[in-house]
Every structure is written in C-alpha cells, then in structure tokens.
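Chain and residue survey
The chain contents come next:
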Amino acid sequence: MEIRIGEIRIGQGIDIHAFETGRRCVLGGVEIPSERGLLGHSDADALTHAVMDAVLGAIGQRDIGTLFPDTDASFKDADSIMLLQKVWSLAEREGWKLVNADVTLLAQVPKVKPYVTEMQQRLSSVLGCEPSRVTIKATTTERLGFIGREEGVLASAVVLLQR
C-alpha cells in the first residue's frame, strides 16, 4: 500500500496497572494465563489503554479517563478492545488512518512473547490495518522498581496517524 503524505499526527500513551490475585490478565486484547491479573475498573488491559491514549492524543482529544471514567459503572470490567473500537471510531469519523503503532510493554511477568502475534491481530483488526503496522515489544526492568518486584506492568504506545 502506498502512503501519500497528507496531514500527519503523532500521539503517545502510557498506562500502568498493578497486579491483583483473582483477576484475569488481559494484554493487547488477549487473555494470558497467569496467577494474577491486572487491577482496574475495566479489564485493566494496560497495553490497549496505552494505544487508546496515543490515538486520542493524536486526534487532539483528552485521555481515556475522561471518555471512560472509573466512576461510571457501565465501564466496570469493560472489554478494552471494545473501548478501543469506540476510540478508533472517533478517529475514523475525522478521516484518520493508522500509519503505524509502536507499543512497548514493561513487565517482569507474565512472559508475553507467545501472545504477541495474537495481540497484533486483535489490535490491527480494530485499527483497520494489517498486523505488520502494529509492533509490540516487551522488556523487563532487570528486577528494578515496582515492575521488577512483579507488582505491576507499564505499557507505552506511540501512533502515527494520517488523513
């Protein structure tokens, strides 16, 4: 696919969630087997939340906490992929297309490498692009900080949009 240069915008998003026993561990729209999941009002999918905030930033909107506040019971345990669909529909209505998304997960646990391809497929299907345009990387913090102590995860995303 040839990309013609038009208006382009970059957005960046970061999300952090702590681990909690008894919760599902969902990252990039994929449930990952784990003794602990991520704590949050929705499904706490930090990776997808970072992508949502990056998209919102690129289109000049506020963050996901503004759109989907944790004070609203309708978002309790919400599927973050469905929330991403709502965010992406805002971008599409304004004529934006995804050039690429680059996502990094900082996590000592769980190991996500076996799930990266499925995550790329889930996210790209919502973002209307081929999976190769959604890059997902994971790294540890070499046991440093809250991530190294296995207390939680941090996800960072950058998106490039064009219209």
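Computed from a predicted model, the values in this text were never measured in an experiment.

**With respect to the nonpolar core**
In terms of nonpolar packing, the biggest core is built from 47 residues, with Leu27, Leu47 and Leu98 touching the most fellow members. Elements that contribute at least two residues to this core include exactly helix H1 (46–58), helix H3 (80–93), strand E5 (97–106), helix H4 (116–127), strand E6 (134–139) and strand E7 (152–162). The biggest single contributor to this core is H1, with nine residues.

**Some details on the sheet that holds E5**
Taking strand neighbours across the sheet as the criterion, the five strands line up as E4-E1-E7-E5-E6 in an open arrangement whose pairing is mixed. Looking at which strands have only one partner, the edges of the open sheet turn out to be strand E4 (36–38) and E6. Averaged over all pairs of adjacent strands, the angle between strand axes in this sheet comes to 20°, irrespective of strand direction. As paired elements, strand E1 (residues 8–21) and E4 share three bridges and run antiparallel to each other. Following the sheet pairing, Glu20 is matched in E4 by Gly37.

**A word on the side chain of Asp15**
For Asp15, the location among the structural elements is in strand E1. Of the buried charged residues, Asp15 lacks a salt bridge, with Arg23 as the closest side chain of opposite charge at 10 Å. For Asp15, the residues in contact, after removing those within four places along its chain, are Ala46, His49, Ala50, Val153, Leu154 and Ala155.

Thresholds, definitions, all that
- Residues numbered from 1 in each chain as written.
- Predicted model: local features only at pLDDT ≥ 70, side-chain atom pairs only at ≥ 80, totals over all residues.
- Heavy atoms only, no water.
- Core = buried A, V, L, I, M, F, W, Y, C linked by side-chain atoms within 4.5 Å.
- Buried < 20%, exposed > 50% of the residue type's maximum accessible area, 1.4 Å probe, protein only.
- Helix = DSSP H or I, 4+ residues; strand = E, 2+ residues; numbered from the N terminus.
- Pairing = 2+ DSSP bridges.
- Axes fitted to C-alpha atoms, helices over the stretch in contact; angles between N-to-C directions.
- Lys, Arg positive; Asp, Glu negative; His and termini not counted.
- Salt bridge = Lys/Arg side-chain N within 4 Å of Asp/Glu carboxyl O.
- Contact = heavy atoms within 4.5 Å.

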